[in-house]
Amino acid sequence: DEKKYLSDSLNLDDKNPEVYYKLALIFQEQNDLISAMQNMEKAVSLNDDFVDAKFKLALLYEHMGKREEAIALYEQILKVDPTNDAVINNLAMLEG
């Protein structure tokens, strides 16, 4: 299955943020939010410019009650993408 394939990929290249991102999405679909968060954090740590991973991680943080962490990520995203409507709306709701 895809999860095993991605896990095997990490054994070959554990510095690929895209693999961690995809694994995080699978864990999220399985409602394993802790594993999803850990893999998304790893993706972001490997590529600080990975806006999609930062956005998904911020959403996970929101869902897990980590408000300040979510706000920090949304602010980082807006520095590189100041017209991102989804980020603007989510940030406004958190700060509202």
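Residues numbered from 1 in each chain as written. Predicted model: local features only at pLDDT ≥ 70, side-chain atom pairs only at ≥ 80, totals over all residues. Heavy atoms only, no water.

*Asks:* Would you mind going over the environment of Ala43 in detail, with residue names and values included?
*Replies:* Tracing the chain through its elements places Ala43 in helix H3 (residues 33–46). Separated by 19 residues in sequence, Ala43 and Glu62 place their C-alpha atoms 18 Å apart. Beyond its immediate sequence surroundings of up to four residues, Ala43 is in contact with Pro17, Tyr20, Tyr21, Phe50 and Ala53. (Helix = DSSP H or I, 4+ residues; strand = E, 2+ residues; numbered from the N terminus. Contact = heavy atoms within 4.5 Å.)

*Asks:* Residues and numbers for the packing of aromatic side chains, please.
*Replies:* The final tally for this structure, using the stated rule, is 2 aromatic pairs. For the pair Tyr21 and Phe50, a centre-to-centre distance of 5.0 Å together with 40 degrees between the ring planes defines the contact as tilted. With a gap of 29 residues between them, Tyr21 in helix H2 (residues 17–29) and Phe50 in the loop between H3 and helix H4 (51–63) connect regions that are remote in the sequence. You'll find Tyr21 and Phe50 in the same group, each marked buried. When the centroid spacing of 6.1 Å and the interplanar angle of 55 degrees are considered together, the rings of Phe55 and Tyr74 count as tilted. Taken together, the residues span a long stretch of sequence, with Phe55 in helix H4 and Tyr74 in helix H5 (residues 67–80) at a distance of 19 residues. (Phe/Tyr/Trp six-rings, centres within 6.5 Å; stacked < 30°, edge-to-face > 60°. Buried < 20%, exposed > 50% of the residue type's maximum accessible area, 1.4 Å probe, protein only.)

*Asks:* Now, about the packing of H3 against H4: what can you tell me, with residues and values included?
*Replies:* The interhelical angle for the contact between H3 and H4, taken along N-to-C directions, is 145 degrees, at an axis separation of 9 Å. Here H3 runs over H4; the crossing is left-handed. Across the interface between the two elements, Leu33, Ala36, Met37, Met40, Glu41, Ala43 and Val44 of H3 pack against Ala53, Lys54, Lys56, Leu57, Leu60, Tyr61 and His63 of H4. Here the residues of the contact of H3 with H4 are counted per class, giving 10 nonpolar, 1 polar and 3 charged. (Axes fitted to C-alpha atoms, helices over the stretch in contact; angles between N-to-C directions. Left-handed = near helix turned anticlockwise from the far one by under 90°. Nonpolar A, V, L, I, M, F, W, Y, C, P; charged D, E, K, R; others polar.)

*Asks:* With reference to specific residues and values, describe unusual backbone geometry.
*Replies:* Residues other than glycine seldom take positive phi values, yet Asn31 does so here, at roughly 65 degrees. Locating Asn31 in the fold gives a position in the loop between H2 and H3. Since its relative accessible area comes to 60%, Asn31 is described here as exposed.

*Asks:* An account of the nonpolar core is needed here, citing residue identities and associated values.
*Replies:* Of all hydrophobic cores here, the largest spans 30 residues; its most connected members are Met40, Ala53, Leu57 and Tyr74. Going through the elements one at a time, H2, H3, H4, H5 and helix H6 (85–95) are the ones with two or more residues in this core. For this core, the element with the most residues is H2, which contributes 7 residues. If sequence neighbours within four positions are ignored, Leu57 has contacts with Met37, Met40, Glu41, Val44 and Leu73. (Core = buried A, V, L, I, M, F, W, Y, C linked by side-chain atoms within 4.5 Å.)

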